[in-house]
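# Notes for the structure review
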Amino acid sequence: MRACATTTVGVLALSLITGCGGGDSDESKNSGASATTQAGKTAKTAKAATEAELEKLLVTTADVTGYKAESTTAEAKAADSKSDLKIAAEVCAPIAYAVSGFAPGDEAAVVQGKVTQDAKKPTDAASESTDDVPDAEWQAEFAESMNIDMTFLTLSSYDGDGAEKAMKAVSDAVAGCTGGFSISGSTDNTKYTKIAPVKASGVGDESVAFSATGEPEEPDGATGFTYGEVVRYGNTIAAYTTINLSKVVSGKPYTISAPVVKAQSARLK
């Protein structure tokens, strides 16, 4: 998901042109204790979880009804690296990383996943030819069929007090990047014109949430919103970015996918 980072969240959310299975075994659902028990250690002595431990902590399809969850870690390794991103304002880097599928801080290990809401069954109007249905009705029905949350997820772990430092950097970025920022990758460029704090879920030891307003591809195009939340659980951080194609097209606000956050949080407690 690293290149999916800028490509999927940036290009898909803003232009809707580019489209960028996790296992559900009992072992996956019940493992990962060594990673989450780090919360009981002091910040200075906490040791980061390994990539393998984090992978077992990723939310699965069995954890969240109505969604499909999958690991994208292997895909991420084959794509752009964190160092390939060029961010116009350094203070904005933590949230730029978060919305691009990377860990927001100097992580020791990281894994990625994607959780997609089950597709809604099209109504008769949405599936019929546009010759048979009034344009306004067809467009409304089609938009509703695309009203699906897609959440990109990153789990990262840190040695010592690295997770706390990363959270502070995220908070500082939300406060200091209200005017937006631009991200340049190896193949794509994405520009956000506004960053604003939004109400966080309140889960974990601390959480920060924000909205990112994307620059329209066309002068008269709709303004697309991307929503992000970063949550710390001991020395493990979960970063969520949710896009909803229907809401992006209409310019209507939405929120981070709450069922996904709840399900992932349950695995990190």
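Up top is the structure.
Residues numbered from 1 in each chain as written. Predicted model: local features only at pLDDT ≥ 70, side-chain atom pairs only at ≥ 80, totals over all residues. Heavy atoms only, no water.

### Some words on the overall build of the chain
Selection criterion: Every helix listed is a DSSP run of H or I at least four residues long, and every strand listed is a run of E at least two residues long, numbered separately from the N terminus. Type-normalised accessible area, obtained with a 1.4 Å probe on protein chains alone, sets the label of each residue: buried when under 20%, exposed when over 50%, and partly exposed for intermediate values. The protein chains shown are the only cover counted for residues, whose accessible areas, like all others here, come from Shrake-Rupley with a 1.4 Å probe.
When helices and strands are tallied, the chain shows 11 helices and nine strands. With 269 residues in all, the chain has 49% of them scored as buried. Approximately 12200 Å² of the chain is accessible, and the part contributed by carbon and sulfur atoms is 51%.

### What about the packing of aromatic side chains?
What counts is decided by this rule: The aromatic pairing rule takes the rings of Phe, Tyr and Trp, using the six-membered ring of Trp, and pairs them if the centres are within 6.5 Å, calling planes under 30 degrees apart stacked, those over 60 edge-to-face and the rest tilted. Consider the ring centre and the ring normal. A charge sits over the ring if Lys NZ or Arg CZ is within 6 Å of that centre and within 35 degrees of that normal.
For the structure shown, the criterion picks out four aromatic pairs. Ring centres 5.5 Å apart and planes at 50 degrees place the aromatic pair Phe181 and Tyr192 in the tilted group. One end of the pair, Phe181, is in strand E5 (residues 181-184); the other, Tyr192, is in strand E6 (residues 189-198), and 11 residues separate them in sequence. Each member of the pair Phe181 and Tyr192 is classed as buried. Here the aromatic rings of Tyr227 and Tyr254 are separated by 4.6 Å at their centres, their planes lie at 65 degrees, and the arrangement is edge-to-face. Here the residue Tyr227 occupies a position in strand E8 (residues 225-233), and Tyr254 occupies one in the loop between helix H10 (245-250) and helix H11 (258-268), the gap between them amounting to 27 residues. One aromatic cluster is present, formed by Phe225, Tyr227 and Tyr254 through successive ring pairs. Taking the ring centre of Tyr97 as reference, the NZ or CZ of Lys82 above it sits at 4.7 Å.

### Brief notes about the pairing of strand E9 (residues 236-244)
Basically, it comes down to this: Strands pair, by our definition, only if DSSP identifies at least two bridges between them.
The buried fraction of E9 is high, at nine of nine residues. Every second residue of E9 is oriented toward a common face, with Thr236, Ala238, Tyr240, Thr242 and Asn244 on one face and Ile237, Ala239, Thr241 and Ile243 on the other, all of them buried. With nine bridges joining them, strand E4 (residues 149-157) and E9 adopt antiparallel strand pairing. The residue of E9 that forms the bridge with Asp149 is Asn244. Examined bridge by bridge, E8 and E9 share seven bridges and lie antiparallel to one another. When the sheet's bridge partners are listed, Glu229 is paired in E9 with Tyr240.

### What about the pairing of strand E7 (residues 206-214)?
Each regular strand carries side chains that alternate between the two faces of the sheet. Most of E7 sits out of view: seven of its nine residues are buried. Pairing of E7 with E8, which is carried by eight bridges, proceeds in the antiparallel orientation. Considered in E8, the bridge of Thr213 is made with Phe225.

### Things to note about the pattern of salt bridges
Selection rule: Think of a salt bridge as a Lys or Arg side-chain nitrogen and an Asp or Glu carboxyl oxygen that are within 4 Å of each other.
Within the structure shown, the criterion is met by nine salt bridges. Taking the shortest distance from any N to any O, the salt bridge between Asp161 and Lys165 comes out at 3.7 Å. Classification of Asp161 as partly exposed rests on a relative accessible area of 31%. When its relative accessible area of 55% is taken as the criterion, Lys165 is described as exposed.

### Observations concerning the sheet that holds E9
To keep it simple, the criterion reads: By the convention used here, residues are in contact when the closest approach between their heavy atoms is within 4.5 Å. A fitted line through C-alpha atoms serves as each axis, taken over the contacting stretch for helices, and the angle formed by two N-to-C directions is quoted from 0 to 180°.
Pairing in this open sheet of nine strands is antiparallel, and the strands run E1-E3-E4-E9-E8-E7-E6-E5-E2 from one edge to the other. Of all strands in the sheet, those with a lone pairing partner are strand E1 (67-71) and strand E2 (86-87), marking the two edges. The strands touched by helix H9 (residues 162-176) within the sheet are E6, E7, E8 and E9, with E7 carrying the most contacts at an inclination of about 40 degrees. H11 rests against E1, strand E3 (109-117), E4, E8 and E9 of the sheet, and its axis sits at about 165 degrees to E9.

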